[in-house]
Amino acid sequence: MRRAGGALLSLALLLAAGCAVTPAMAPKPPVVSVVDPPPLTPVVESTPPPAPPSPPLSPPEPKASWFVEGHWGPVYTDDAEAKERKVAVLTFDDGPSPEYTNLVLDTLKARGARAIFFVNGQAAQHPELIKRILAEGHLVGNHTMTHEDLRSLSRAEQYEQIAGLNDAVRAITGEQPHWFRAPFGSFNDDTLAILAELGMQLLNWSHGSGDWMDVHDGYKDPAILIHDVLAETPRNASMTPLHPGSIILFHDTLRHTAEALPKIMDGLQEKGYSFVLPEPSQP
Ligand SMILES: [Zn+2]
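Residues numbered from 1 in each chain as written. Predicted model: local features only at pLDDT ≥ 70, side-chain atom pairs only at ≥ 80, totals over all residues. Heavy atoms only, no water.

Comments concerning the environment of Gly121
Part 1: Of note, Gly121 is situated in the loop between strand S4 (116–119) and helix H3 (127–135).
Part 2: Accessibility expressed as a relative area gives 13% for Gly121, which makes it buried.
Part 3: With 27 residues separating them in the primary sequence, Gly121 and Asp94 have C-alpha atoms 9.1 Å apart.
Part 4: When neighbours within four sequence positions are excluded, Gly121 is seen to be in contact with Thr144, Met145 and Leu165. (Helix = DSSP H or I, 4+ residues; strand = E, 2+ residues; numbered from the N terminus. Buried < 20%, exposed > 50% of the residue type's maximum accessible area, 1.4 Å probe, protein only. Contact = heavy atoms within 4.5 Å.)

Digging into the coordination of the zinc ion
Part 1: Protein-derived coordination of the zinc ion comes from Asp94 (OD), His143 (NE2) and His147 (NE2), at a distance range of 2.0 to 2.1 Å.
Part 2: Counting gaps between the donor residues of the zinc ion yields the pattern D-x48-H-x3-H.
Part 3: Its relative accessible area of 21% is what places His147 among the partly exposed residues. (Donors = N, O, S within 2.8 Å, 3.2 Å for Na, K, Ca; no water.)

Examining the packing of aromatic side chains
Ring pairs (aromatic) are described by centroid distance and by the angle formed between their planes.
Part 1: For the structure shown, the criterion picks out four aromatic pairs.
Part 2: Plain terms: the ring middles of Phe67 and Tyr76 are 6.1 Å apart, the flat faces sit at 45° to each other, and that makes the pair tilted.
Part 3: The exposure class of Tyr76 is partly exposed, given its relative accessible area of 30%.
Part 4: When the ring of Phe92 is compared with that of Phe250, the centres are 5.3 Å apart and the planes differ by 20°; the resulting orientation is stacked. With Phe92 in strand S3 (residues 86–95) and Phe250 in strand S9 (residues 246–251), this residue pair connects regions lying 158 residues apart in the sequence.
Part 5: Put simply, the rings of Phe92, Phe117 and Phe250 pair up and form one aromatic cluster. (Phe/Tyr/Trp six-rings, centres within 6.5 Å; stacked < 30°, edge-to-face > 60°.)

What to know about the nonpolar core
Part 1: Among the nonpolar cores identified, the biggest contains 32 residues, and Leu90, Phe92, Leu108, Phe117 and Leu268 are the most heavily contacted of them.
Part 2: Per-element tally for this core: the top contributor is helix H7 (residues 255–270), with six residues.
Part 3: In this structure, Leu268 is in contact with Leu90, Leu230, Leu242, Ile248, Tyr273 and Phe275, ignoring residues within four places of it in sequence.
Part 4: Trp66, Val68, Leu249 and Val276 belong to the second-largest nonpolar core, a separate cluster that totals 16 residues. (Core = buried A, V, L, I, M, F, W, Y, C linked by side-chain atoms within 4.5 Å.)

Examining the pattern of salt bridges
Part 1: This structure, assessed with the given rule, holds ten salt bridges.
Part 2: Note that Asp106 and Arg132 form a salt bridge whose closest N and O atoms lie 2.7 Å from each other. Here Asp106, found in helix H2 (residues 101–110), pairs with Arg132, found in helix H3; they are 26 residues apart in sequence, far enough to count as distant.
Part 3: In this structure Asp106 comes out as partly exposed when scored by relative accessible area, which is 38%.
Part 4: Judged by its relative accessible area of 18%, Arg132 is buried.
Part 5: Glu136 is the salt-bridge partner of Lys109, the closest N and O atoms lying 3.7 Å from each other. Remark: Glu136 occurs in the loop between H3 and strand S5 (139–142) and Lys109 occurs in helix H2; sequence separation between them is 27 residues.
Part 6: Among the charged side chains, a salt-bridge network with shared partners connects Asp106, Lys109, Arg132 and Glu136. (Salt bridge = Lys/Arg side-chain N within 4 Å of Asp/Glu carboxyl O.)

Some thoughts on the side chain of Gln161
Part 1: In this fold, Gln161 is placed in helix H4 (residues 155–173).
Part 2: On the basis of relative accessibility, which here comes to 12%, the residue Gln161 falls in the buried class.
Part 3: In this structure the side chain of Gln161 is engaged in a polar contact, spanning 2.8 Å, whose partner is the side chain of Thr146.
Part 4: Apart from residues no more than four positions distant in its own chain, Gln161 is found in contact with Thr144, Met145, Thr146, His147, Glu148, Leu150 and Leu153. (Polar contact = N/O pair within 3.5 Å; in protein donor to acceptor, adjacent residues only side chain to side chain.)

Section: unusual backbone geometry
When glycine is set aside, most residues are seen to have a negative phi, and most peptide bonds are trans.
Part 1: At the junction of Gly73 and Pro74, the peptide bond is cis and its omega measures out at 5° in the coordinates.
Part 2: Inspection of the secondary structure assignment puts Pro74 in the loop between strand S1 (67–68) and strand S2 (75–76).
Part 3: Pro96 follows Gly95 through a cis peptide bond whose omega is 0°.
Part 4: Within the secondary structure, Pro96 is located in the loop between S3 and H2.
Part 5: Positioned with a positive phi, Thr144 is a non-glycine residue whose angle comes to about 75°.
Part 6: Mapping Thr144 onto the fold places it in the loop between S5 and H4.
Part 7: Taking relative accessible area as the criterion, Thr144 reaches 0% and is therefore assigned buried.

Printed below as a string of structure tokens:
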């Protein structure tokens, strides 16, 4: 790589040198733009009033607890004041990904939002990503070791898939995930019994972003994804509409998702949404 870079640099220097030895031309006058004059000093800018020492200008949003309705959401609250708030839960599956998880984390950090990362067995190979997820206030969820359709597995095999991933995460963080997401959303009574035994809770999704649909060569137009996540009226019957309490499914393994996320989050905030994490339901 370094040698290739050096070759490129040499080529660039040669080209630059080539320019220098071409027959001299009359120096051109500097191009002056007449349509974009340099900005003048601000015309009117009223002096901002001094910040009052207290209380803060906008009171902090009331703290409410959000819980998951059934296994598929949405999230809801019993807090009378918070009931009318539009909230969404951001979730990212199938990672961690050395290519894109950091980008997703950067976007969340810039907007002060927390999310759940439902990870698979490669978490063991990327402890630094798992640690960053937790250090920045997000949750690590369990998405099984190898992403099988659990309904095709025996109870013992399901247990290995779920408990094995817990062990892998615990080896990095010292803690077992609480939330579980079934690969493909597919589960049965054995799954639920195992989760109860392990003190865990199933959390699938109420709003599929569709980031896995219509993907060609691993990519799709981020503009389509942005549209589909923000649409209250989906393009077709296989899409789900955005709704208050949406538990939104993304994949932090996809480039277009990482690219679309800033505009998706800004769009949600423009629609009045804030981002929350669910609390475990009382047993
Ligand atoms: Zn998955």
